[in-house]
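Next come the chains, spelled out residue by residue.
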Amino acid sequence: MRLFVGIRLTDEARQAIAMWTHELREAFVRLRWSLPEQWHVTLQFLGETDESACSCVAERLRQIRAEAADIQLAEPGFFERAGVFHISVRLTDSLAALHEEVEQALLPCGFDPEARAFAPHITLARRKGRGPSPDFARLQKAVRWVPAARLPSFQANEFLLYQSFTDPAGSRYEVRERFPLM
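Residues numbered from 1 in each chain as written. Predicted model: local features only at pLDDT ≥ 70, side-chain atom pairs only at ≥ 80, totals over all residues. Heavy atoms only, no water.

A.B. asks: Account for the overall build of the protein, with residues named and values stated.
C.D. replies: Scanning the protein for helices and strands turns up 4 helices and 9 strands. Taken from N to C terminus, the helices and strands of the protein fall in the order β-α-β-β-α-β-β-α-β-α-β-β-β. The dimensions of the protein, computed from C-alpha atoms along their principal axes, are 45 × 30 × 25 Å. When the 182 residues of the protein are sorted by exposure, 45% land in the buried category. When contacts within the protein are restricted to residue pairs at least 6 apart in sequence, those whose partners lie at least 24 apart make up 76%. (Helix = DSSP H or I, 4+ residues; strand = E, 2+ residues; numbered from the N terminus. Buried < 20%, exposed > 50% of the residue type's maximum accessible area, 1.4 Å probe, protein only. Contact = heavy atoms within 4.5 Å.)

See the structure below:
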């Protein structure tokens, strides 16, 4: 099973992003757009995991006692090599602390922290395939002309353990367990 730990967006945040991306989604139909109900902020991607590791993960995440995380949605951006269009999330002190606690908690389960710096974001769309994408390149130019999004901030009072399923239509995520924040 494929697992990751993340924070679900509030309805208000999802609606604001959906309204801001509406015209872009219609103009760039050849990209793989994420569904609003799937939008989240990943704290740690775990990848393919067996049942015993999943049990360890859940047990360790239940032990985290962290403050609610301030989620401040920022500007749109691109991870060009990966072909990802996203909304950046500011790295607040509380979000950074939660990310660090999750990484440390999962070390005994065999999950090492990523070597690259934590770059919280919400994936909106991906290019199809691995090669260059004219639509992705056009989207990068078009975003410069779209009025800035007015995106709400919110406080995350929980984080979740998700399981990812790959379907022909794309990925879908199911919540395996929820963990409260203080």
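A.B. asks: An account of the pattern of salt bridges is requested, with residue identities and associated values reported.
C.D. replies: Scanning the entire structure with this criterion turns up 9 salt bridges. Measuring nitrogen to oxygen at the nearest pair gives 2.5 Å for the salt bridge that ties D135 to R138. Here D135 and its partner R138 are both found in helix 4 (residues 134–143), 3 residues apart, which amounts to about one turn of the helix. Judged by its relative accessible area of 8%, D135 falls in the buried class. Between R178 and E158 there is a salt bridge, with its nearest N and O atoms 2.6 Å apart. (Salt bridge = Lys/Arg side-chain N within 4 Å of Asp/Glu carboxyl O.)

A.B. asks: Outline the sheet that holds strand 1 (residues 2–8), listing residues and values.
C.D. replies: Reading across the sheet, the 4 strands line up as 3-1-8-9 and stay open at both edges, with antiparallel pairing between neighbours. In this open sheet, the two strands that pair with only one neighbour each are strand 3 (40–48) and strand 9 (170–180). Averaged over all pairs of adjacent strands, the angle between their axes in this sheet comes to 25°, without regard to strand direction. Pairing analysis gives 7 bridges linking strand 1 to strand 3, with the strands arranged antiparallel. Looking across to strand 3, one finds that L3 is bridged to G47. Against the sheet, helix 3 (residues 93–106) makes contact with strand 1, strand 3 and strand 8 (158–167), and its axis sits at roughly 15° relative to strand 3, the strand it touches most. (Pairing = 2+ DSSP bridges. Axes fitted to C-alpha atoms, helices over the stretch in contact; angles between N-to-C directions.)

Keep in mind these values describe shape, not function.
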